[in-house]
There are 2 protein chains.
Amino acid sequence: MSQSIRIAIAGYGNLGRGVEAAIAKNSDMLLTGIYTRRPPSQLKPRQEASPVYSMEALNGDVDKIDVLILCGGSKEDLPKQGPELAALFNTVDSFDTHARIPEYFAAVDGPARANRKTALISAGWDPGMFSINRVYGEALLPDGATYTFWGKGLSQGHSDAIRRIPGVAGGVQYTVPAQEALDRVRDGSRPILTTRQKHTRDCFVVLEADANPEAVKRAIVTMPHYFDEYDTTVAFITEEELRREHNAMPHGGVVIRSGNTTAENAQVVEYSLKLSSNPEFTSSILVAYARAVHRMQQAGQYGAKTVFDVAPGLLSAKSPEQLRAEDL
Amino acid sequence: MSQSIRIAIAGYGNLGRGVEAAIAKNSDMLLTGIYTRRPPSQLKPRQEASPVYSMEALNGDVDKIDVLILCGGSKEDLPKQGPELAALFNTVDSFDTHARIPEYFAAVDGPARANRKTALISAGWDPGMFSINRVYGEALLPDGATYTFWGKGLSQGHSDAIRRIPGVAGGVQYTVPAQEALDRVRDGSRPILTTRQKHTRDCFVVLEADANPEAVKRAIVTMPHYFDEYDTTVAFITEEELRREHNAMPHGGVVIRSGNTTAENAQVVEYSLKLSSNPEFTSSILVAYARAVHRMQQAGQYGAKTVFDVAPGLLSAKSPEQLRAEDL
Ligand SMILES: NC(=O)c1ccc[n+]([C@@H]2O[C@H](COP(=O)([O-])OP(=O)(O)OC[C@H]3O[C@@H](n4cnc5c(N)ncnc54)[C@H](OP(=O)(O)O)[C@@H]3O)[C@@H](O)[C@H]2O)c1
Ligand SMILES: NC(=O)c1ccc[n+]([C@@H]2O[C@H](COP(=O)([O-])OP(=O)(O)OC[C@H]3O[C@@H](n4cnc5c(N)ncnc54)[C@H](OP(=O)(O)O)[C@@H]3O)[C@@H](O)[C@H]2O)c1
């Protein structure tokens, strides 16, 4: 086999841990190091053998890393880390603030291009695999409608929003696609659905000792942007129940394209994910895209890229010949 | 808008008709002609305005066509037409004899490369979109198993096989995925399934006047390769029922990748198709790939290609900027 692809991790949270696990599942890859802004000794990597370094050490390790996977948060970390690190490394990240993607793309493209590096932004499942399926759907069935449903799954942003309400000691929120809406979309009738018809939101909340349950409930269900446009349920649970029953990060969802090739013939395409761990699946995607980024940079394709720019075969450890013989 | 992509059709069967319909759904494309081996006057195109020419006229129309979509059969037509026409045109075809793909790829690659043309082979849904999903699945979840189920749908090959049996006046065969097998795969347990456990085969047969029903039934269910490894049902119907209830070409199926990112976390990815018309959906895919082939040839990417070589964004009529802003 040819030489291993040398991968490093920048930022060790949920995704960082997931990337560490995913690299171990890909025999053509090698984890060269985990880089963190915290004191390296504070980190306990999943595998004892994984070396942990300070983020400052990255500058000196430019020649030891083929692709750096950026595992920082989209809100605070990536807008700064993405452009800086794309000047030094080939990178992959999972930037997921949809509205700011064009701006982020431009910020990363400049330094990457100037330094002949390849920077893949916004990989993961949404943005990521769901985006790919939206594009395939539109292209294959131009006369049609696209539907994205999320869940059942834990929403980090909405859980955070609950926890900021006075009187709340802890809590989680699950986004759940409405079965009736899903059925209507799957039958090819292209319904027009309101936000309320598509998803419900289920909250599990631990109260502080002196909190007023009714006031907390009202604060949740009327919260603008987050909950007011949805049918929301609120259940109060104990601290212990929260720890025991709501400590996983399941997620998933479906992208459906429903369209007609002629007036008589409706066609329905569905892509669906059932994930036990959202961050681990996201990380596994980032690692597959690291393989593609390595190949694209070697082929002289510099600058910022998205999943739309990556041919499926580039993600595979198999050769093109092998793919044609075994997978086509 | 920039100039339309000029598309022509070689061979006017089910796919040819579907391509004609699909071009009308894509506003950046123009149908320049339908080419056939039969006398052009014999053909009645879907739209009266579609010009029909003899296949011999193709040689003189090299400069009028950006991409030629080959709609011939995989068994007899494409092995000859594919290599010949790839020397003159950018082409897209749906060659679906899986075992002979490497050989066909090589036969098309030579002439295409020598003439700076781009030839995309084996597009459609299987091979095609299902193949892409097998590759994505393997790459994203390397520790996993892939399952392809076909149906419920009409199988042309198996219907033909029934019709060759003495005593059979007509008939169709539907391939049906076994619900129990599907459920077991979807729960993430990675079962090992036999051929018999995955699909059943339902046959609807019209007998000739003097035929022996028992003998026909036995001949079907014991037919090697086609039926002997499956649970097969045979129902006898009238000529009239066959015409009335079995004249559509529905199909579909699912590709499921079930894998683990860590020992604790199973992840299930599913791609599914529910098609009212198999040939129309296949044709719509061929047309989207024609757009990609046109762009790849303009970018100097010559030779034979497969769907694994085509970045998703190339299929879309939208610009990369628009895709990033709207679909990512
Ligand atoms: N595209 C998609 O489908 C998708 C899916 C899921 C997530 N995402 C994106 O991925 C981003 C990262 O997600 P995540 O779950 O990995 O975030 P996270 O766990 O909060 O980690 C983000 C960063 O915070 C730091 N950190 C982690 N644990 C810490 C701790 N205990 N104390 C102090 N700092 C800590 C780490 O940087 P240092 O090691 O440098 O301190 C880490 O890189 C999210 O912002 C989201 O936008 C995208
Ligand atoms: N990849 C996939 O997912 C996928 C899906 C579906 C099908 N396919 C492939 O597509 C191929 C074509 O399928 P199809 O359903 O379009 O086949 P078809 O209807 O049998 O047409 C094949 C060719 O036969 C000729 N023909 C059609 N109707 C005729 C008639 N009435 N009399 C005489 N000749 C006639 C046409 O050539 P002329 O006009 O030159 O005579 C046509 O190009 C199949 O072989 C299959 O391999 C692939």
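Residues numbered from 1 in each chain as written. Chains lettered and ligands numbered in written order. Predicted model: local features only at pLDDT ≥ 70, side-chain atom pairs only at ≥ 80, totals over all residues. Heavy atoms only, no water.

## A look at the site of ligand 2
Residues and elements named next belong to chain B.
For step 1, the next point in the chain: Not every one of the 23 residues close to ligand 2 is listed here, only the nearest: Leu-15, Thr-36, Arg-38, Ser-74 and Asp-96.
For step 2, the next point in the chain: Taking Ser-74, its side chain carries an N or O atom lying 2.5 Å from an oxygen atom of ligand 2.
For step 3, the next point in the chain: Ala-123 has a polar backbone atom sitting 3.3 Å from a nitrogen atom of ligand 2.
For step 4, the next point in the chain: Coverage of ligand 2 by the protein chains reaches 70% of its 910 Å² of free accessible surface.
For step 5, the next point in the chain: Of all the secondary structure elements, the ones that give two or more residues to the shell around ligand 2 are helix 1 (14–23) and helix 10 (278–298). (Near = heavy atom within 4 Å. Polar contact = N/O pair within 3.5 Å; in protein donor to acceptor, adjacent residues only side chain to side chain. Areas by Shrake-Rupley, 256 points an atom, 1.4 Å probe, with all protein chains shown as cover. Helix = DSSP H or I, 4+ residues; strand = E, 2+ residues; numbered from the N terminus.)

## Notes on the site of ligand 1
Residue and element names in this part refer to chain A.
For step 1, the next point in the chain: Taken together, 23 residues are adjacent to ligand 1, and Leu-15, Thr-36, Arg-37, Ser-74 and Asp-96 come closest.
For step 2, the next point in the chain: One of the side-chain N or O atoms of Asn-14 is found 2.9 Å from an oxygen atom in ligand 1.
For step 3, the next point in the chain: Between ligand 1 and Trp-125 there is a distance of 2.9 Å, counted from an oxygen atom to a backbone nitrogen or oxygen.
For step 4, the next point in the chain: Burial of ligand 1 by the surrounding chains reaches 70%, relative to a free accessible area of 910 Å².
For step 5, the next point in the chain: Put simply, the parts of the chain that give the shell around ligand 1 at least two residues each are helix 1 (14–24) and helix 10 (278–298).
For step 6, the next point in the chain: For the shell around ligand 1, the class distribution of residues is seven nonpolar, eleven polar and five charged. (Nonpolar A, V, L, I, M, F, W, Y, C, P; charged D, E, K, R; others polar.)

## A look at the packing of helix 2 (residues 78–86) of chain B against helix 3 (residues 101–114) of chain B
Residue and element names in this part refer to chain B.
For step 1, the next point in the chain: Where helix 2 meets helix 3, the axes come as close as 7 Å, and the angle between the chain directions of the two elements is 20 degrees. One finds that helix 2 runs roughly parallel with respect to helix 3. The chirality of how helix 2 crosses helix 3 is right-handed. Contacts between helix 2 and helix 3 involve Leu-78, Pro-79, Gly-82, Pro-83 and Ala-86 from the first element and Tyr-104, Ala-107, Val-108, Pro-111 and Ala-112 from the second. (Axes fitted to C-alpha atoms, helices over the stretch in contact; angles between N-to-C directions. Parallel < 35°, antiparallel > 145°, perpendicular 65-115°, else oblique. Left-handed = near helix turned anticlockwise from the far one by under 90°. Contact = heavy atoms within 4.5 Å.)

## Concerning the relation of the copies chain B and chain A
For step 1, the next point in the chain: For the match of chain B to chain A, the screw axis carries a shift of 0.0 Å, the RMSD comes to 0.0 Å, and the turn is 180 degrees. Taken together, the rotation angle and the small translation identify this as a two-fold axis. Judged by C-alpha distance, B:Ala311 is the residue of chain B that lies nearest the rotation axis, at 1.9 Å.
For step 2, the next point in the chain: Mapped onto chain A, 100% of the interface residues of chain B are again interface residues, and the two copies thus contact each other with one and the same surface. (Least-squares fit on C-alpha atoms with pLDDT ≥ 70 in both.)

## A word on helix 5 (residues 156–163) of chain B
Residue and element names in this part refer to chain B.
For step 1, the next point in the chain: Among all positions of helix 5, only His-158, Ser-159, Ala-161 and Ile-162 are buried. Buried residues of helix 5, viewed axially, fall in a sector of 155 degrees; they line one side.
For step 2, the next point in the chain: Elements in contact with the buried residues of helix 5: strand 8 (153–154), strand 9 (168–177), strand 10 (199–207) and helix 8 (213–221). (Buried < 20%, exposed > 50% of the residue type's maximum accessible area, 1.4 Å probe, protein only. Arc of directions from axis to C-beta.)

## Let's talk about the domain arrangement of chain A
All names here are of chain A.
For step 1, the next point in the chain: Taken as a whole, chain A is organised into domain 1 (5–125 + 279–327) and domain 2 (129–277).
For step 2, the next point in the chain: Of note, the centres of domain 1 and domain 2, computed from C-alpha atoms alone, are 28 Å apart.
For step 3, the next point in the chain: The interface is formed by twelve residues belonging to domain 1 together with 14 residues belonging to domain 2.
For step 4, the next point in the chain: For the pair domain 1 and domain 2, the summed buried surface comes to about 1100 Å²; carbon and sulfur atoms form 72% of the total.
For step 5, the next point in the chain: Of all residues in domain 1, Trp-125, Phe-281 and Phe-308 bury the most surface against domain 2, accounting for 56% of the area lost on that side.
For step 6, the next point in the chain: Taken together, domain 1 and domain 2 are joined by zero salt bridges.
For step 7, the next point in the chain: Tallying contributions element by element places helix 10 first for the side of domain 1 that touches domain 2, with five residues.
For step 8, the next point in the chain: The residue makeup of the side of domain 1 that touches domain 2, split by class, is eight nonpolar, three polar and one charged. (Domains from an automatic or database assignment. Buried area = accessible area lost by both parts, 1.4 Å probe. Salt bridge = Lys/Arg side-chain N within 4 Å of Asp/Glu carboxyl O.)

## Comments concerning the sheet that holds strand 10 of chain B
Whether parallel or antiparallel, the strands of a sheet pair through hydrogen bonds between backbone atoms.
Residue and element names in this part refer to chain B.
For step 1, the next point in the chain: Sheet architecture is open: four strands sit in the order 8-9-10-11, paired in mixed fashion. The open sheet has two free edges, formed respectively by strand 8 and strand 11 (231–236), since each of these has just one partner strand.
For step 2, the next point in the chain: The pairing of strand 8 with strand 9 spans two bridges and is classified as antiparallel. Considered in strand 9, the bridge of Gly-153 is made with Thr-175.
For step 3, the next point in the chain: Along the sheet, helix 5 contacts strand 8, strand 9 and strand 10; its crossing angle with strand 9, the most-contacted strand, is approximately 145 degrees.
For step 4, the next point in the chain: Along the sheet face, helix 8 touches strand 9, strand 10 and strand 11 and points at about 150 degrees away from the line of strand 11. (Pairing = 2+ DSSP bridges.)

## Details of the interface of chain B and chain A
For step 1, the next point in the chain: Listed per partner, the contact involves 64 residues of chain B and 64 residues of chain A.
For step 2, the next point in the chain: For the pair chain B and chain A, the summed buried surface comes to about 5700 Å²; carbon and sulfur atoms form 59% of the total.
For step 3, the next point in the chain: Along the contact surface separating chain B from chain A lie four salt bridges.
For step 4, the next point in the chain: The shortest N-O distance in the salt bridge between B:Glu138 and A:Lys318 comes to 3.1 Å.
For step 5, the next point in the chain: Inspection of the region where chain B meets chain A yields 32 residue pairs in polar contact (both at pLDDT 80 or more).
For step 6, the next point in the chain: For the side of chain B that touches chain A, the secondary-structure elements that each account for two or more residues are helix 3, helix 4 (129–140), strand 13 (266–275), helix 10 and helix 11 (320–326) of chain B.
For step 7, the next point in the chain: Taken together, the residues that form the side of chain B that touches chain A break down as 32 nonpolar, 17 polar and 15 charged.
For step 8, the next point in the chain: Sheet topology places strand 13 (residues 266–275) of chain A next to strand 13 of chain B; nine bridges connect them, and they run antiparallel. Bridge pairing in strand 13 of chain B places A:Gln267 opposite B:Leu275.

## Observations concerning the packing of aromatic side chains
Residue and element names in this part refer to chain A.
For step 1, the next point in the chain: For the structure shown, the criterion picks out ten aromatic pairs over all chains.
For step 2, the next point in the chain: On the numbers, 6.1 Å between centres and 80 degrees between planes, the contact of Phe-130 with Tyr-271 is edge-to-face. Of this pair, Phe-130 sits in helix 4 (residues 129–140) while Tyr-271 sits in strand 13, and the two are 141 residues apart along the sequence.
For step 3, the next point in the chain: For Tyr-271, a relative accessible area of 2% translates into the label buried.
For step 4, the next point in the chain: Through pairs of rings, three or more aromatic residues link up here, namely Trp-125, Phe-130 and Tyr-271.
For step 5, the next point in the chain: A cation over an aromatic ring shows up here: Arg-201 above the ring of Tyr-230, its NZ or CZ 4.1 Å from the ring centre. (Phe/Tyr/Trp six-rings, centres within 6.5 Å; stacked < 30°, edge-to-face > 60°. Lys NZ or Arg CZ within 6 Å of the ring centre and 35° of its normal.)

## Comments concerning the confidence of the model for chain A
Parts of the prediction with low pLDDT should not have their coordinates interpreted in detail.
For step 1, the next point in the chain: Mean pLDDT over chain A works out to 97, with 99% of the residues at or above the 70 mark.
For step 2, the next point in the chain: Quick note on the complex model: pTM equals 0.96, ipTM equals 0.96. (pLDDT = per-residue confidence, 0-100.)

## Quick word on unusual backbone geometry
For step 1, the next point in the chain: The omega torsion across A:Asp126 and A:Pro127 is 0 degrees, close enough to zero to call that bond cis.
For step 2, the next point in the chain: Assignment of secondary structure puts A:Pro127 in the loop between strand 6 (118–120) and helix 4.
For step 3, the next point in the chain: Despite not being glycine, A:Arg116 shows a phi value in the positive range, around 55 degrees.
For step 4, the next point in the chain: Among the secondary structure elements, A:Arg116 is positioned in the loop between helix 3 (101–114) and strand 6.
For step 5, the next point in the chain: Exposure remark for A:Arg116: the relative accessible area of 52% places this residue in the exposed category.
For step 6, the next point in the chain: Positive phi is not limited to glycine here, since B:Arg190 has a value of about 55 degrees.
For step 7, the next point in the chain: Considering the arrangement of structural elements, one finds B:Arg190 in the loop between helix 6 (179–186) and helix 7 (195–198).
For step 8, the next point in the chain: The exposure class assigned to B:Arg190 is partly exposed, which follows from its relative accessible area of 26%.

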